[in-house]
Amino acid sequence: MNLSDINTIRSLLSSKGFSFKKSLGQNFLIDSTVCPAMAESCCDENTGVLEIGPGIGVLTAELSKCAKKVVAIELDERLKQLLPITLADCKNVEIIYGDAMKLDLKRIISEHFGDCQRVCVCANLPYYITSPIIMMLLESRLPIDSITVMVQQEAAERLCAEVGSRDAGAVTVAVTFYAEKEILFHVGRESFMPAPNVDSAVIQLKIRKEPAVKVKDEKKFRLLTKSCFAQRRKTLVNTVSNTMGVSKETLREALNKIGLSDTVRGEQLTIEQLAELSDNI
Ligand code: SAM
């Protein structure tokens, strides 16, 4: 079954009285080159793939061809009537119905992928929860090699920006801490039906064996990073003293100790400088 073909999808959906829910980020991906390229970029016959949000299974089917095993987590239980049809030929796929943000993914990985050499995550993410899902995957330190996801173009640029550049945000620092990041390819709005008013991109995060910088207290480092980007136009001293309750004097001294002016803005710091500052306050 060609799951990128709009007529095939329409007749399948109407035969089951199913309609896509915009609120769950569901749509038609009608460019048949996107999913094979995503699957080939992240897995081989020894890889177990955890997919989040299979929808009607267009990416799942391609992952099934390349990977040893695919476990896909889908929130929308209405898809129980469609996925057994669309994935009938994919014997190495298992669907778990539930919320990827709430399920114990570590347990799912250990229960399903014991016989795989490596595990990766691949997904066309629901855009309304892109950052929370990526942060949950990274911060829960799952035993995975990489995360390959399609996200909104703007989010791709932010997630993959250089720390210290204008495109960077708190999420950029967090991603850089855990992973090496790359935009693999762009996906124009015309690849979807109906065409949304944003373009998309596929990014790949390769999980580091050790975080990019050593910090004494990861929780404090995360708080400092969020605080630095909370009010971008203010100086770091002003915004961090407000949000973290650290005195301005302590912050000025800590900045001077690492050779920075006390009028610097949080977004200007490199990840190494953020790590040093976090250890010194
Ligand atoms: N993979 C399909 C594709 O490439 O066309 C569908 C992707 S669609 C953008 C996002 C999918 O994620 C939808 O099927 C939606 O129901 C599902 N979803 C949304 N929130 C979810 C969550 N918290 N946990 C698991 N799946 C979720």
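The rules behind the values
- Residues numbered from 1 in each chain as written.
- Predicted model: local features only at pLDDT ≥ 70, side-chain atom pairs only at ≥ 80, totals over all residues.
- Heavy atoms only, no water.
- Helix = DSSP H or I, 4+ residues; strand = E, 2+ residues; numbered from the N terminus.
- Buried < 20%, exposed > 50% of the residue type's maximum accessible area, 1.4 Å probe, protein only.
- Contact = heavy atoms within 4.5 Å.
- Areas by Shrake-Rupley, 256 points an atom, 1.4 Å probe, with all protein chains shown as cover.
- Near = heavy atom within 4 Å.
- Polar contact = N/O pair within 3.5 Å; in protein donor to acceptor, adjacent residues only side chain to side chain.
- Nonpolar A, V, L, I, M, F, W, Y, C, P; charged D, E, K, R; others polar.
- Domains from an automatic or database assignment.
- Buried area = accessible area lost by both parts, 1.4 Å probe.
- Salt bridge = Lys/Arg side-chain N within 4 Å of Asp/Glu carboxyl O.
- Core = buried A, V, L, I, M, F, W, Y, C linked by side-chain atoms within 4.5 Å.
- Disulfide = S-S within 2.5 Å.
- Pairing = 2+ DSSP bridges.

(A) Quick look at the overall build of the protein chain. Per the secondary structure count, the protein chain includes 12 helices and nine strands. Its C-alpha atoms put the protein chain at 70 × 40 × 30 Å along the principal axes. A total of 281 residues make up the protein chain; the buried ones form 49% of that total. Partitioning the intrachain contacts of the protein chain with sequence separation of at least 6 by distance along the chain shows that 65% fall at a separation of at least 24. Carbon and sulfur atoms provide 48% of the accessible area of the protein chain, an area that totals close to 13400 Å².

(B) Summary view of the site of the ligand. Contacts to the ligand come from 20 residues, most closely from Gly-25, Gly-53, Glu-74, Asp-99 and Asn-124. Within the backbone of Pro-54, an N or O atom sits 3.3 Å from a nitrogen atom of the ligand. A distance of 3.2 Å is found between a nitrogen atom of the ligand and a side-chain nitrogen or oxygen belonging to Tyr-128. If the ligand stood free it would expose 600 Å²; the protein chains cover 96% of that surface. Its residues assigned to classes, the shell around the ligand shows 10 nonpolar, six polar and four charged.

(C) Highlighting the domain arrangement of the protein chain. Under the domain assignment used here, the protein chain contains domain 1 (6–207) and domain 2 (218–280). Taking only C-alpha atoms, the centre of domain 1 and the centre of domain 2 are 34 Å apart. Each partner contributes residues to the interface: domain 1 has 13 residues there, and domain 2 has 13 residues. When domain 1 packs against domain 2, the two sides together hide about 980 Å² of surface, and 63% of this comes from carbon and sulfur. Of all residues in domain 1, Ala-170, Val-173 and Phe-177 bury the most surface against domain 2, accounting for 41% of the area lost on that side. Between the two partners, domain 1 and domain 2, sit two salt bridges. For Glu-139, the salt bridge identified is with Arg-222, shortest N-O distance 3.5 Å.

(D) Fine view of unusual backbone geometry. The phi torsion at Arg-141 lies on the positive side, around 50°, for a residue other than glycine. Position of Arg-141 relative to the elements: it lies in the loop between helix H6 (130–139) and strand S6 (146–152).

(E) Highlighting the nonpolar core. Counting residues in hydrophobic clusters, the biggest one holds 62 residues, and the most contacted among them are Leu-50, Ile-134, Leu-137, Phe-221, Leu-236 and Leu-277. The residues that make up this core include at least three from each of domain 1 (6–207) and domain 2 (218–280). In terms of nonpolar packing, the next biggest core, distinct from the first, is built from 35 residues, Ile-9, Cys-66, Leu-79 and Cys-90 among them.

(F) Inspection of the state of the cysteines at higher detail. Inspection of every chain in the model, using the stated rule, returns zero disulfides. No disulfide involves Cys-90; its nearest neighbouring cysteine sulfur is the one of Cys-66, lying 11 Å away. No disulfide involves Cys-116; its nearest neighbouring cysteine sulfur is the one of Cys-120, lying 9.7 Å away. Exposure remark for Cys-116: the relative accessible area of 11% places this residue in the buried category.

(G) Region of the structure containing the pairing of strand S9 (residues 200–207). Of all eight residues that make up S9, six are buried, and the element is covered over most of its length. Bridging between S6 and S9 involves seven bridges; their strand directions are antiparallel. In the sheet register, Ser-146 faces S9, and the bridge partner there is Lys-206. The pairing of strand S7 (residues 179–187) with S9 spans eight bridges and is classified as antiparallel. Following the sheet pairing, Glu-180 is matched in S9 by Lys-206.

(H) The arrangement of the side chain of Ser-241 in detail. Here Ser-241 lies in helix H10 (residues 236–244). In terms of polar contacts, Ser-241 uses its side chain to reach the backbone carbonyl oxygen of Val-237, at 2.8 Å. At 3.0 Å, the side chain of Ser-241 forms a polar contact with the backbone oxygen of Asn-238. In this structure, Ser-241 is in contact with Leu-236, Val-246, Lys-248 and Leu-251, ignoring residues within four places of it in sequence.

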